[in-house]
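Per-entry structural report
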Amino acid sequence: MKKLFEFLPKRIRDHEDSLIGVALAWLLVTPLLALTGFYLGTIVGHDWGRGAHDYQPVDMANGGIGALIGLAVGIIAAIVVTATYPKLVEADHAARASHHH
């Protein structure tokens, strides 16, 4: 199992909290933001004036643009989490260790 995560920086591998946080950012938050972008793009892009109250395939095209925007936001968020969260976890562990001694 350790070989699976060797490509990650040591700072992330050292603490389980960091590994879980970074994994959640990439594997959960990013797809959820893409899916949310799809739905928002479909709803916002719907032409309410044409009299159709159900969604048509043309609305799904707008959803695709929304999904790409959501995916981009998700990737940026995951990069920010990857860059900052392990540092916060290290600082928290250091603070806890100093309180115990």
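This structure is a prediction, so every number in the text was calculated from the model and none was measured. (Residues numbered from 1 in each chain as written. Predicted model: local features only at pLDDT ≥ 70, side-chain atom pairs only at ≥ 80, totals over all residues. Heavy atoms only, no water.)

1. A closer look at the overall build of the protein
Within the protein, the secondary structure is distributed over three helices and zero strands. In the protein, the succession of helices and strands from N to C terminus is α-α-α. Every one of the 101 residues in the protein was classed for burial, and the buried ones make up 23%. For the protein, the proportion of contacts with a sequence separation of at least 24, taken over those separated by at least 6, is 59%. (Helix = DSSP H or I, 4+ residues; strand = E, 2+ residues; numbered from the N terminus. Buried < 20%, exposed > 50% of the residue type's maximum accessible area, 1.4 Å probe, protein only. Contact = heavy atoms within 4.5 Å.)

2. Looking at the packing of aromatic side chains
Applying the stated rule across the entire model yields one aromatic pair. With a centroid separation of 5.5 Å and an interplanar angle of 70 degrees, the aromatic rings of F38 and Y39 are classed as edge-to-face. (Phe/Tyr/Trp six-rings, centres within 6.5 Å; stacked < 30°, edge-to-face > 60°.)

3. Examining the pattern of salt bridges
For the structure on display, the rule yields three salt bridges. The residue D14 makes a salt bridge to K10 at a minimum N-O spacing of 3.1 Å. Remark: K10 and D14 occur in helix α1 (residues 10–14); sequence separation between them is four residues, near one turn of the helix. Classification of D14 by relative accessible area gives partly exposed; the value is 42%. K10 gets classed as exposed once you look at its relative accessible area, which sits at 52%. Its salt-bridge partner being D92, residue R96 comes within 3.2 Å of it at the nearest N-O pair. Of this pair, R96 and D92 both sit in helix α3 (residues 57–100), four residues apart, roughly one helical turn. (Salt bridge = Lys/Arg side-chain N within 4 Å of Asp/Glu carboxyl O.)

4. Considerations on the side chain of T42
For T42, the location among the structural elements is in helix α2 (residues 16–45). A distance of 2.8 Å separates the side chain of T42 from the backbone oxygen of F38, its partner in a polar contact. (Polar contact = N/O pair within 3.5 Å; in protein donor to acceptor, adjacent residues only side chain to side chain.)

5. So, the confidence of the model for the protein
Chain-level statistics for the protein give a pLDDT mean of 86 and a share of 88% at 70 or above. No element of the protein has a lower mean pLDDT than α1, at 82, and none a higher one than α2, at 92. (pLDDT = per-residue confidence, 0-100.)

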